[in-house]
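Results of the structural survey
Here's the letter readout for the chains.
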Amino acid sequence: MQWIIFMLLLFISSMEMLTQNRWKKQASAGLLENCTGCVLCSEDNGCITCHHRLFLLIWRDGIRQYGMCVHTCPPGYFGVRGLEVNRCTKCRSPSCESCFSRDFCMKCKDKFYLYKGQCFRQCPPGTAAQPGTSECQETCEPGPWSEWSACTHESRTCGCKWGVETRVREVPEAAREEGTACPALLETRRCRMKKHCPGEKTEPKNKGKKRQKKPKTERHTGT
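In this numbering scheme, every chain counts its residues from 1 along its sequence in written order. The predicted origin of the model limits local features to residues at a pLDDT of at least 70 and limits the giving and counting of side-chain atom pairs to 80 or more, whereas totals for whole chains, interfaces and linings rest on all residues. Computation of side-chain values covers all heavy atoms of the structure but excludes hydrogens and water.

**With respect to the state of the cysteines**
Any two cysteine sulfur atoms within 2.5 Å of one another count as a disulfide. Scanning the model with the defined rule gives nine disulfides in all. Between Cys50 and Cys69 runs a disulfide, and the two sulfur atoms are separated by 2.0 Å. An S-S torsion of about -95 degrees defines the bridge between Cys50 and Cys69 as left-handed. One end of the pair, Cys50, is in strand E2 (residues 46–50); the other, Cys69, is in strand E4 (residues 64–70), and 19 residues separate them in sequence. Numbering goes from the N terminus for both helices and strands, where a helix is a DSSP run of H or I of at least four residues and a strand is a run of E of at least two.

**Focus: the nonpolar core**
We define the nonpolar core as a collection of buried residues of types Ala, Val, Leu, Ile, Met, Phe, Trp, Tyr and Cys that are connected through side-chain atoms lying within 4.5 Å of one another. Exposure categories follow from relative accessible area, calculated using a 1.4 Å probe and restricted to protein chains: below 20% of the type maximum is buried, above 50% is exposed, and the middle band is partly exposed. Within the largest apolar cluster, nine residues are counted, these being Phe78, Cys91, Cys96, Cys99, Cys105, Cys108, Phe112, Leu114 and Cys119. At the level of elements, strand E7 (96–101) and strand E8 (104–108) are the ones that each hand at least two residues to this core. Whether two residues are in contact is decided by their heavy atoms, any of which lying within 4.5 Å being enough. Excluding residues within four positions of it along the chain, Cys108 makes contact with Ser95, Cys96, Glu97, Tyr113, Leu114, Gln118 and Cys119. Residues Cys47, Cys50, Leu54 and Val85 belong to the second largest nonpolar core, which totals eight residues.

**Details of the packing of aromatic side chains**
Working definition: a ring pair exists when centres of Phe, Tyr or Trp rings (six-membered ring for Trp) sit within 6.5 Å. Plane angles under 30 degrees give stacked, over 60 give edge-to-face, the rest tilted. For the coordinates displayed, the defined rule picks out zero aromatic pairs. Lysine NZ or arginine CZ positioned within 6 Å of the ring centre and within 35 degrees of the ring normal marks a charge as sitting over the ring. Over the ring of Trp148 we find Arg189; its NZ or CZ atom is 4.0 Å from the centre of that ring. Taking the ring centre of Trp162 as reference, the NZ or CZ of Arg192 above it sits at 4.4 Å.

**Details of unusual backbone geometry**
Phi at Lys116 is positive, roughly 50 degrees, even though this residue is not glycine. Mapped onto the secondary structure, Lys116 falls in the loop between strand E9 (113–115) and strand E10 (118–120). Using a relative accessible area of 55% as the deciding quantity, one classes Lys116 as exposed. Positive phi, close to 70 degrees, is recorded for Ser155, a residue that is not glycine. One can find Ser155 in the loop between strand E12 (136–138) and strand E13 (162–168).

Quick look at the structure:
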């Protein structure tokens with residue numbers, strides 16, 4: 001009787017060990033699938049450290065934190081290489097698709113415009129979206145027009161009937177440094193010049209004209 005009880009307990013213990021080993025094998029297989037590229041991996045939290053040149057990406061699912069090793073960081077993250085581990089760090093702005101650092105965006109998501117490392121729904125005042133891009137650039141607002149210049153023709157200010165006069169306006173220093181496209185900075189218009197220069201002798205109006213001969217009158221006498 002004792003022998004039968006002993007054999008029964010041994011059978012039950014063997015079945016429990018078999019079931020436990022099967023569960024451990026399944027858990028290990030699932031863990032290996034989620035630990036690609038990992039040096040150290042946790043069943044509950046995924047990758048903890050990665051192989052060299054890989055980045056550790058950590059995200060949250062509710063209160064759970066999970067990690068995995070990736071070759072490149074996904075949109076909304078940027079890679080930071082460290083002495084012990086390379087990490088994917090999330091961009092601070094949720095509208096940023098690619099960033100150089102946590103606070104400096106390089107590319108915005110759709111329907112957003114990039115200006116000086118930040119993403120905006122609309123371009124800020126004083127800027128305009130560049131054609132074919134989602135980037136804002138400062139608009140050029142030149143200063144006031146100058147007075148019209150003297151009327152000249154081939155560097156002369158007199159001696160011709162028609163000449164040209166010009167006026168200009170200046171561009172702000174900031175717009176000049178950034179190479180912003182500006183409207184016209186120079187205007188010209190036709191102007192009437194002084195036909196005779198001071199000191200020139202004017203020809204008489206009648207000079208060169210031939211005197212007209214008075215017609216001869218013929219007198220007829222009666223016979």
